[in-house]
Every structure is written in C-alpha cells, then in structure tokens.
Amino acid sequence: MRTADAKELAAAAANELRARSGADGYDAMVVLGSGWTEAVDAMGTPDIELDMADLPGFVPPTAAGHSAKVRSVWVGAKRVAVFLGRTHLYEDHDPMRVAHAVRTGVAAGASTVVLTGAAGSLRTDFAVGQPIVVRDHINLTSMSPLTGPDFVDLTGAYDPRLREAARDADVTLAEGVYAAVVGPQFATPAELGMLRGAGADLVGRSIALETIAAVEMGASVLGLAMVTNDAVGSVFERFDAERALDVVRSRAVRLGELLNAILVRV
Ligand code: HPA
C-alpha cells in the first residue's frame, strides 16, 4: 500500500469515527500500549466506546493487555480519541496497518498524538514501574509507514513542547531514547549490549512507526514508555511477560491521571 492509499483509508475511518461518536473532530489522540488499557478509566467517563472493527481498515489487536476498543473522552475542554490497544509488526501486520490508528486520529483532527507503550530499560537508573518520556527513537525495524520520495524531517519528532508539558505535569519524569525492534522475541544479551552502545535507553516493539506517520501528517507527538523490565541487570533472567503486564496494570490509574495532566497542558 502507498502512503496516499493509507491516508485515504484513514480518512474513511476518521469519517466513520466522527459519525459514530457524533464528534465534529478531535483535539488529541492517545494510543494505549501493553497493559495501559485500564488507564483509560482514570481519564474520564467516555461519551462513547466503539469497536475498532467498526472502522474501515482496522484489525483488532491480538496481543495480551490490548483491547479492540476506541473511546471518545473529554479531558478538560479537549476531545480525545483513545485507542485502547494497537497492532504490532510482530502480529504479521505491515507498517501501514501499524500506523492506521494514528493516521485515523490525525485525519479526525487530532493535532496532538500521545503514544504509550511498555519497554525494557537499558539504563541502571531507570526503575521498573517508571514512566519515561521518549526524547528520540532509533528505528531498528528496517521498515517505514511511508513509501516513495517522502523525505520527512524527524528532527524534533518528539515535540519539545509536549515533552516540556509532560515534565510540567510531573517533574520527576525522566527522558530516554527508545529503540524500536520488531520482536516478538526479546533481545539477546549481545543485542542489548549493542543497543546500549548505540545510545538507546529503552527497547520496545512499537511507537517508532506511528511517530513517523504522525509527523508526516503534521501532528505533534509525545511518547511515554513504561519500564516493565530491567533489560540490563536481569539479562540472564527469563523474561516474564505476565509480570511485565502487571507492572503497567498496577499503575494504570496513575498513568491515566498523568495522561490527563499532560493533555490539559498542551
Ligand atoms: N524488549 C522488547 N520489547 C519490550 C521489552 C523488552 O525488554 N519490554 C517491554 N517490551
């Protein structure tokens, strides 16, 4: 699929989203990553909750900790479309499908895109359970949601203004560089060493392609990654996916409140 076709499909999905929710448009959108789903309850009472499958081009997420719903909520005076789950490359989706929710939200009017996700920490000073603001990414998927000579500038892709708003909402928030990998397997100790050497602070399997699509459409992006596992100290421990999800779930209310505190500031 070409970028233009992906945008056309997203425009159709945006029209359906607006028609079903009764919203003229949206100010912001949020994609909730692994385990973040329950944060939406702390964001406010939804106007409406839809099935992603009712919108053109959506395939329901299959990963644990993701839901196939979209909610329309008010955060202060802003109307926010919250996608309660996402699709990943490792679910055998192509980059266009991975970026579809973001393109749909932006086509529906959202000029602010908040992307959340789980990540492994490559730093000894990031604790499990800590949300980290994404300062930049290293896209190691070898893929892009763009086709053709579309030379999008990614300098400042993670909008400094939104990062400032996040720190204003919570002064304890740290920042880091997010390395995006395809997965689904977790990295080997040698790969983690390479990622650290390359300047990455976090490793995860989402966010980067969605950011590229959002920036190409002119939206501002904030990335928020919850550290679910220590990918430095415990490289010789088996990765426990269920425990990682519980790390996020147990902090869902706080994360929802943090998202709201940021959204009212942007
Ligand atoms: N690696 C890749 N993706 C992840 C990790 C990790 O350690 N933790 C959460 N998502």
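Please read all numbers here as calculations on a predicted model, not as lab measurements. (Residues numbered from 1 in each chain as written. Predicted model: local features only at pLDDT ≥ 70, side-chain atom pairs only at ≥ 80, totals over all residues. Heavy atoms only, no water.)

A word on the site of the ligand. Every residue near the ligand is listed here: A118, A119, G120, F186, V203, G204, R205, T228 and N229. Between the ligand and G120, the relevant distance is 3.2 Å, taken from a nitrogen atom to a main-chain nitrogen or oxygen of the residue. The side chain of N229 places a nitrogen or oxygen atom 2.7 Å from a nitrogen atom of the ligand. Elements represented by at least two residues in the shell around the ligand include exactly β5 (112-121), β8 (202-204) and β9 (220-230). Residue composition of the shell around the ligand, by class: four nonpolar, four polar and one charged. (Near = heavy atom within 4 Å. Polar contact = N/O pair within 3.5 Å; in protein donor to acceptor, adjacent residues only side chain to side chain. Helix = DSSP H or I, 4+ residues; strand = E, 2+ residues; numbered from the N terminus. Nonpolar A, V, L, I, M, F, W, Y, C, P; charged D, E, K, R; others polar.)

Here β9 lies mainly inside the structure; 10 of its 11 residues are buried. As judged from the 10 bridges shared by β5 and β9, these two strands associate in the parallel manner. Across the sheet, A118 pairs through a bridge with M226, a residue of β9. Sheet analysis places strand β6 (residues 131-139) next to β9, joined by three bridges and oriented antiparallel. Within the sheet, the bridge partner assigned to P131 lies in β9 and is M226. (Buried < 20%, exposed > 50% of the residue type's maximum accessible area, 1.4 Å probe, protein only. Pairing = 2+ DSSP bridges.)

Our focus in this paragraph is the environment of L115. As for its position among the elements, L115 is in strand β5. In this structure the C-alpha to C-alpha distance between L115 and S206, which are 91 residues apart in sequence, comes to 8.9 Å. Apart from residues lying up to four places away in sequence, L115 is in contact with V31, R86, V102, I207, E210, T211, V221, L222, G223 and L224. (Contact = heavy atoms within 4.5 Å.)

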